[in-house]
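Each chain, letter by letter, is given below.
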Amino acid sequence: MAKMEVKTSLLDNMIGVGDMVLLEPLSEDSFINNLKKRFDHSEIYTYIGSVVVSINPYRSLPIYSPEKVEEYRNRNFYELSPHIFALSDEAYRSLRDQDKDQCILITGESGAGKTEASKLVMSYVAAVCGKGAEVNQVKEQLLQSNPVLEAFGNAKTVRNDNSSRFGKYMDIEFDFKGDPLGGVISNYLLEKSRVVKQPRGERNFHIFYQILSGASDDLLNKLKLERDFSRYNYLSLDSARVNGVDDAMNFRTVRNAMQIVGFMDHETQSILEVVAAVLKLGNIEFKPESRVNGLDESKIKDKNELKEICELTGIDQSVLERAFSFRTVEAKQEKVSTTLNVAQAYYARDALAKNLYSRLFSWLVTRINESIKAQTKVRKKVMGVLDIYGFEIFEDNSFEQFIINYCNEKLQQIFIELTLKEEQEEYIREDIEWTHIEYFNNAIICDLIENNQTGILAMLDEECLRPGTVTDDTFLEKLNQICATHQHFESRMSKCSRFLNDTSLPHSCFRIQHYAGKVMYQVEGFVDKNNDLLYRDLSQAMWKANHSLIKALFPEGNPAKINLKRPPTAGSQFKASVSTLMKNLQTKNPNYIRCIKPNDKKAAHIFNEALVCHQVRYLGLLENVRVRRAGYAFRQPYELCLERYKMLCKQTWPHWRGPARAGVEVLFNELEIPEEEYSFGRSKIFIRNPRTLFKLEDLRKQRLEDLATLIQKIYRGWKCRTHFLLMKRSQIVIASWYRRYAQQKKYQRIKSSAIVVQSYIRGWKARKLLRELKHQKRCKEAATTIAAYWHGTQARRELKRLKDEARRKHAVAVIWAYWLGLKVRREYRKFFRANAGRKIYEFTLQKIMQKYFLEMKNKMPSLSPIDKNWPARPYLFLDSTHKELKRIFHLWRCKKYRDQFTDQQKLVYEEKLEASELFKDKKALYPASVGQPFQGAYLEISKNPKYKRLKDAVEEKIIIAEVVNKINRANGKCASRIFLLTKNNVLLADQKSGHIKSEVPLGDVTKVSMSSQNDGFFAVHLKEGSGAAGKGDFLFSSDHLIEMATKLYRTTLSQTKQKLSIEISDEFLVQFRQDKVCVKFIQGNQKNGNIPTCKRKNNRLLEVAVP
Ligand SMILES: Nc1ncnc2c1ncn2[C@@H]1O[C@H](COP(=O)(O)OP(=O)(O)OP(=O)(O)O)[C@@H](O)[C@H]1O
Ligand SMILES: [Mg+2]
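Remember, it's a predicted structure, so these values are computed and weren't measured experimentally.

Definitions and limits used
- Residues numbered from 1 in each chain as written.
- Chains lettered and ligands numbered in written order.
- Predicted model: local features only at pLDDT ≥ 70, side-chain atom pairs only at ≥ 80, totals over all residues.
- Heavy atoms only, no water.
- Patch = residues over 30% accessible without salt bridge, like charges linked within 9 Å, V, L, I, M, F, W, Y side chains within 5 Å.
- Areas by Shrake-Rupley, 256 points an atom, 1.4 Å probe, with all protein chains shown as cover.
- Salt bridge = Lys/Arg side-chain N within 4 Å of Asp/Glu carboxyl O.
- Lys, Arg positive; Asp, Glu negative; His and termini not counted.
- Charge placed at Lys NZ, Arg CZ, Asp CG, Glu CD.
- Helix = DSSP H or I, 4+ residues; strand = E, 2+ residues; numbered from the N terminus.
- Phe/Tyr/Trp six-rings, centres within 6.5 Å; stacked < 30°, edge-to-face > 60°.
- Buried < 20%, exposed > 50% of the residue type's maximum accessible area, 1.4 Å probe, protein only.
- Lys NZ or Arg CZ within 6 Å of the ring centre and 35° of its normal.
- Near = heavy atom within 4 Å.
- Polar contact = N/O pair within 3.5 Å; in protein donor to acceptor, adjacent residues only side chain to side chain.
- Nonpolar A, V, L, I, M, F, W, Y, C, P; charged D, E, K, R; others polar.
- Donors = N, O, S within 2.8 Å, 3.2 Å for Na, K, Ca; no water.
- pLDDT = per-residue confidence, 0-100.
- Contact = heavy atoms within 4.5 Å.
- Axes fitted to C-alpha atoms, helices over the stretch in contact; angles between N-to-C directions.
- Parallel < 35°, antiparallel > 145°, perpendicular 65-115°, else oblique.
- Left-handed = near helix turned anticlockwise from the far one by under 90°.
- Core = buried A, V, L, I, M, F, W, Y, C linked by side-chain atoms within 4.5 Å.
- Pairing = 2+ DSSP bridges.

Residues Arg762, Lys765, Arg767, Lys768 and Arg771 make up a contiguous surface patch of positive charge. Mapped onto the elements, lysine 768 comes out in helix α26 (residues 690–858).

This is the structure we're talking about:
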């Protein structure tokens, strides 16, 4: 989901005022109070226009998270509450989008949070700029340069446990897209005196403690060091351990950082060797030696340490020893060597240690620069970050403070110049009349310090170079003369009598009225520190070292490049580098972060007003506000202004259709803001006094409350109404559902009641009907029963009457019969006795026979000859009669049956009868033939033209014409032949051609043989010696064997009057040519279905398999 853009403003939810420019009334008190109020609410950042004032919270606040980075990313500077990220974002975006080089100037006193601020800026820029492997490496190298420089350049002081003891300016370079390319670091004024001496409660540079705590035993051995801090004179012991600082772990971090930045292992080793050598130098001690030629001499007490240093650095021990004992001064061609007394020897030792370390530090910066420098030659955009000491006002201020404060004067000047320039440019851009602004220009103080002729630095240099005795006092005298009239210079001894009685100003001091306050400088040490002398013998000894890094650190020790000119003084060097820095900064768009320390205790939540007030003063913050407010205190683009205040005027609320400027004009007129209070620029409205702005803000707040109430009111109304409507709709829905439900229920109830009532009524009706029907039925049944009983009674009565009557009649008849009998017997007694028995018998018999025949007549069976039925015999004595009658009847009906036949039918039956006589119960084939009528001429020879030739050849009447299978005598195979039987002959003809193949006169046929089985095989035996018998007997198979045999028998009988012999046997002999072959019928398998097969087995046997 797209994040909703909410236009906010710095002015929203402001604690105190977020921008001091809006402070009303503007005074030191109100300023401090505002800072305190905000600090108490954990608001550590406050703006002065575009300057960020940061108060060190001394505790970690949750305001640097990645979410915060995102919050401030691409937002306008005044849109959110003041934050260092807002400034970083503004700087980065104008660098990237408007191609303006930027510098971020971070100032403040020690412990105010400058270094932390610079790291926050760098990490913010790293977080929002481009990404990618290469870019990330550059970022990482830039970020990791910090721990390395901090280890060598930071130390614990009473003010800050991680105090930067050098000034640092870092240019971060970007390409046109805003991706980092690399960077360049410049360092200023390392506090090298710390190497040899630290104030009470402070430490030497971190790296010394880190090596001793974190290096492995092996590494310590190589560096010829011992882990014990107390072994080293240069390490102050009272605060060797710092709370919350783990030196050993930091050592690992530093080595890791060095690796990331790109230090080679041997380089790291060399660096550590130099550090070890510095540490060990402090342990060299001197003792006075006998005076020779009235000069003091010194001698090294214990040469062991010297030996080890020489081993570490590869310096010839004697060379170094000599360098600590003599000082050679070269003037023109002359070389003059003087011995060093003990104090001078110590001075020389410390000078060497300081020089070694400070040169090592500068070398480190150069080496880091080599690693992080941009690899491309493309045009770069630059963001410079300056982390340098702010003003220092101590009780004892020396050369260092003087230099630092000078640097801050320059920075203030740049600030004034650039701020005013920007202000002026904006006025021109916006077409606003420029009114002269009263402000303090500190150019005059810069001039006091840096003027080439009369400046304090020039004076100091002059003193240092002057031959003759030069002391700090002579330098002060000189100042008293030259600067006496300068209004910012104060000295007791100056010509000007103003301070003659000022006891707060000691004689050995001078005071400068810096823009941020007066600072009193102790003149002691100025000359020495400015000279920064290292005896040539020592630098030459160093150059001779067999250690490439040390050799490189002391190029002036090379005798070939001997330079008689004095090296530039510390003051002039610093002036030159400050001048370069200023030139550099002037080309860039400045962004200021002013860091303030809230207390001296490094503690959270404590806001020491006096301390803060002091810093506010010397940082010139009120000056800042005044310069910023010189013209108009507040300005804002018309669109934003209209957007913010449009609700204050009816015409502009809720929408203004015209141009924004016109809208703002209408708005301001309507609000009756005095005309002198504002001016219209081209794109911005300029408001002179913060009062006006706050009035607008108050009105807005009030109006917002009203609007909120209105919105609330409308919203509540809307909400209630919506709720009400919803309830109403819901109520209707619920009611309708409920009604429906209730009606459904009611309907269901009524329906079920109706059904119950209905069923009761129907039941009742049905029962009533049933009752009626039952009653009716019972009535009917009763009537029927009564009727039946009645009829029964009637019938029984009638039956009884009839029976009685019959009995009476019978009785009458019996009596009558008896009477008649008696009468007849009485009458015929005389006749009856002789014949009566026979006559009764005959009569009875006659009657029985009569009855028998009459019954027979009625029970006669059908006339079919095959009907076997015959009535049962009624009396045993009629048995034979009954049988005889049956026989007669059968004969009669057979005759009756026969009488119906024609002659032809008679013939057929004769044949059938013949067949029955011949084959019945002999041949199994016979029963099947009974039902078949004998047709004889199966082939219609006379009608079929195919047999015309055959018909022509046969003149006689054909009795049989049928196709038979003739069995081949040789192999038993079958061949079809037409078998013809005529009155005299048996003919065999070819089935296809009708050609007659054999003709056998019936007289030559002697016998026909066949099996008793169900086959159609038969053999026709011929008379031996007859004409037809040449080939032997015939063996045939026919479907009509019974018919053929019968007809052959009958024809032979009628022609030859001889009975043809028919042999029925399962084994008979036939004559084939000469052989007598036995034809044997066997029970065969049913392989060929029901067809019998015939096979000639050998000469004597022909087998017929019958299924
Ligand atoms: N924004 C911050 N949030 C939390 N702690 C901070 C912040 N700024 C500074 N500090 C704390 O204050 C200490 C001192 O800060 P820092 O080293 O930045 O001071 P400095 O101004 O650089 O001092 P010096 O001039 O001595 O180098 C830090 O070590 C840290 O503990
Ligand atoms: Mg610092």
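Moving on from the model shown.
We now examine the packing of aromatic side chains. Ring pairs (aromatic) are described by centroid distance and by the angle formed between their planes. Under the defined criterion, the tally for this structure stands at 39 aromatic pairs. Centre to centre, the rings of phenylalanine 1068 and phenylalanine 1081 are 5.8 Å apart; their planes meet at 45°, and the pair counts as tilted. Note that phenylalanine 1068 is positioned in strand β28 (residues 1067–1072) and phenylalanine 1081 in strand β29 (residues 1075–1083), a separation of 13 residues in sequence. Like phenylalanine 1081, phenylalanine 1068 is buried. Among the aromatic side chains, those forming a connected cluster through ring pairs are Phe399, Phe402, Phe475, Phe489, Phe510, Tyr521 and Phe526. Lying over the aromatic face of tyrosine 209, arginine 203 brings its terminal NZ or CZ to 4.0 Å of the ring centre.

Right, let's talk about the site of ligand 1 for a bit. Taken together, the neighbourhood of ligand 1 is formed by 17 residues, with Ser110, Lys114, Thr115, Ser163 and Ser164 sitting nearest. Measuring from a nitrogen atom of ligand 1, one finds a side-chain N or O atom of tyrosine 64 at 3.1 Å. In the environment of ligand 1, an oxygen atom lies 2.5 Å from a nitrogen or oxygen atom belonging to the side chain of serine 163. Bound to the protein, ligand 1 loses 85% of the 630 Å² it would expose on its own. Of all the secondary structure elements, the ones that give two or more residues to the shell around ligand 1 are α4 (114–128) and β5 (163–164). Broken down by element, the shell around ligand 1 gets its largest block of residues, 3 residues, from α4. Across the shell around ligand 1, the residue classes break down as 4 nonpolar, 9 polar and 4 charged.

With that out of the way, let us pick up the coordination of the magnesium ion (ligand 2). The coordination sphere of the magnesium ion (ligand 2), as far as protein atoms go, consists of Thr115 (OG1) and Ser164 (OG), spread over 1.8 to 2.1 Å. Here serine 164 lies in strand β5 and threonine 115 lies in helix α4, a separation of 49 residues in the sequence. On the basis of relative accessible area, serine 164 is assigned to the buried category, the value being 12%.

Of all residues in the protein, 97% attain a pLDDT of 70 or more, and the chain-wide mean is 87. With pLDDT under 50 throughout, residues 1–5 is counted as low confidence; its partners more than four residues away or in other chains account for 0 contacts.

This part is about the packing of helix α16 (residues 456–465) against helix α17 (residues 472–482). Two elements in contact, α16 and α17, have axes whose closest approach is 10 Å; the angle formed by their N-to-C orientations is 140°. In this view, α16 runs oblique relative to α17, as classed from their interaxial angle. Taken as a pair, α16 and α17 cross one another with a handedness that is right-handed. Mapping the contact onto sequence places Ile456, Met459, Leu460, Glu462 and Glu463 in α16 and Thr474, Phe475, Lys478, Leu479 and Ile482 in α17. For the contact of α16 with α17, a count of residues per class yields 6 nonpolar, 1 polar and 3 charged.

Below, the discussion takes up the nonpolar core. Counting 206 residues, the largest nonpolar core has Phe152, Leu320 and Phe510 as its most contacted members. Residue contributions to this core peak at 13 residues, all from helix α13 (residues 342–372). Ranked by size, the runner-up nonpolar core spans 32 residues in total, among them Ile959, Val1000, Phe1018 and Leu1048.

Turning to the packing of helix α14 (residues 399–430) against helix α15 (residues 443–450), a few remarks are in order. Remark: α14 packs on α15, axes separated minimally by 9 Å, with the N-to-C direction vectors making an angle of 145°. Relative to α15, the crossing made by α14 is left-handed. In this structure, α14 uses Phe402, Tyr406, Glu409, Lys410 and Gln413 to contact α15, whose residues at the interface are Ala443, Ile445, Cys446, Ile449 and Glu450. Partitioned by chemical class, the residues of the contact of α14 with α15 number 6 nonpolar, 1 polar and 3 charged.

A word on the pattern of salt bridges. With the rule as written, the count across this model stands at 69 salt bridges. Here arginine 617 ties to glutamate 28 by a salt bridge, and the two come within 3.1 Å at their closest N and O atoms. Here the residue arginine 617 occupies a position in helix α22 (residues 609–618), and glutamate 28 occupies one in helix α1 (residues 28–40), the gap between them amounting to 589 residues. On the basis of relative accessibility, which here comes to 49%, the residue arginine 617 falls in the partly exposed class. Lysine 478 serves as the salt-bridge partner of glutamate 463, at 3.8 Å between the closest nitrogen and oxygen.

Take the pairing of strand β20 (residues 958–967) next. Counting buried positions along β20 gives 7 out of 10 residues, so the element sits mostly inside the fold. Where β20 meets strand β21 (residues 974–982), 9 bridges bridge the pair, whose relative direction is antiparallel. When the bridges of β21 are listed, alanine 961 appears paired with leucine 980. Relative to strand β26 (residues 1034–1037), β20 runs antiparallel, the two sharing 2 bridges. By the bridge assignment, asparagine 965 is partnered in β26 with serine 1037.

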